[in-house]
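Understanding the architecture of this molecule
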Amino acid sequence: MSFIEEYKPFLGLLIFGNIENLVLAAQGVIEGADPFIVAGASICLVILWQLIGVFGTKVAMKYSRHIEFIGGFAIFVLGILSMLPLIYYLI
């Protein structure tokens, strides 16, 4: 269980980032995106992020607070952007 300690500073970003991925995927379905292209791109990006996570975590640990803030801010902005069409629809 010691490997979990390494990822603790990024735990919130991992959880809310995955939730945001689900929101963006749902938005892609609503917009009529080709599910096979979206699935293929998602798999490629997950593999890329896995490689970056495996090899870059030790380097990134000293910047974890900055990464957490930037990632959280990006998730917040993407969430707002995904809700804008709904706001326009309701008005």
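The rules behind each value
Residues numbered from 1 in each chain as written. Predicted model: local features only at pLDDT ≥ 70, side-chain atom pairs only at ≥ 80, totals over all residues. Heavy atoms only, no water. Helix = DSSP H or I, 4+ residues; strand = E, 2+ residues; numbered from the N terminus. Buried < 20%, exposed > 50% of the residue type's maximum accessible area, 1.4 Å probe, protein only. Areas by Shrake-Rupley, 256 points an atom, 1.4 Å probe, with all protein chains shown as cover. Lys, Arg positive; Asp, Glu negative; His and termini not counted. Charge placed at Lys NZ, Arg CZ, Asp CG, Glu CD. Expected span 1.5 Å × (residues − 1). Bend = angle between axes of the 7 residues up to and from the residue. pLDDT = per-residue confidence, 0-100. Phe/Tyr/Trp six-rings, centres within 6.5 Å; stacked < 30°, edge-to-face > 60°. 1 Å grid on protein atoms, 1.4 Å probe; cavity = no way out; pocket = protein on both sides within 12 Å on 5 of 7 lines; lining within 4 Å. Points joined across faces, edges and corners; volume = space filled by probe spheres on them. Nonpolar A, V, L, I, M, F, W, Y, C, P; charged D, E, K, R; others polar.

**Some words on the overall build of the protein chain**
A tally of regular secondary structure across the protein chain gives four helices and zero strands. Counting helices and strands in the order they occur from the N terminus, the protein chain gives α-α-α-α. Referenced to the eigenvectors of the C-alpha coordinate spread, the extents of the protein chain come out at roughly 50 × 30 × 20 Å. Put simply, the protein chain has 91 residues, and 12% of those count as buried. Counting only carbon and sulfur atoms, one obtains 78% of the accessible surface of the protein chain, whose full area is about 7600 Å². Positive and negative side-chain charges in the protein chain, numbering 4 and 6 respectively, have mean positions lying 19 Å apart.

**Section: helix H4 (residues 64-90)**
Along its 27 residues, H4 runs 39 Å from first to last C-alpha, staying within 8% of the 39 Å computed at 1.5 Å per residue. When the local axis directions of H4 are compared, the greatest deviation, roughly 30°, occurs at Met83, which is followed within four positions by the proline Pro85. Those residues of H4 that fall on the buried side of the exposure criterion are Ser64, Gly71, Ile75, Gly79 and Ser82.

**A word on the confidence of the model for the protein chain**
Scored by pLDDT, the protein chain comes out at a mean of 77, with 93% of its residues at no less than 70. Considering each helix and strand of the protein chain separately, the mean pLDDT is smallest for helix H1 (residues 2-7), with a value of 71, and largest for H4, with 83.

**Focus: the packing of aromatic side chains**
Under the counting rule described, the total for this entry stands at one aromatic pair. Between Phe69 and Phe73, the aromatic rings sit 6.4 Å apart at their centres with planes inclined by 15°, giving stacked as the arrangement. Residue Phe69 and its partner Phe73 are located together in helix H4, separated by four residues, close to a single helical turn. Look at Phe69 and you get exposed, because its relative accessible area is 59%. Overall, the relative accessible area of 48% leaves Phe73 in the partly exposed class.

**Notes on the layout of surface pockets**
Unoccupied space between atoms shows up once a probe the size of one water molecule is rolled over them. Computed from the structure, the second largest pocket encloses a volume of approximately 170 Å³. Residue lining of the second largest pocket: Val23, Ala26, Gln27, Ile30, Glu31, Ser82, Met83, Pro85 and Leu86, and that is the complete set. Breaking the lining of the second largest pocket down by element, the ones donating at least two residues are helix H2 (11-30) and H4. When its residues are assigned to classes, the lining of the second largest pocket shows six nonpolar, two polar and one charged.

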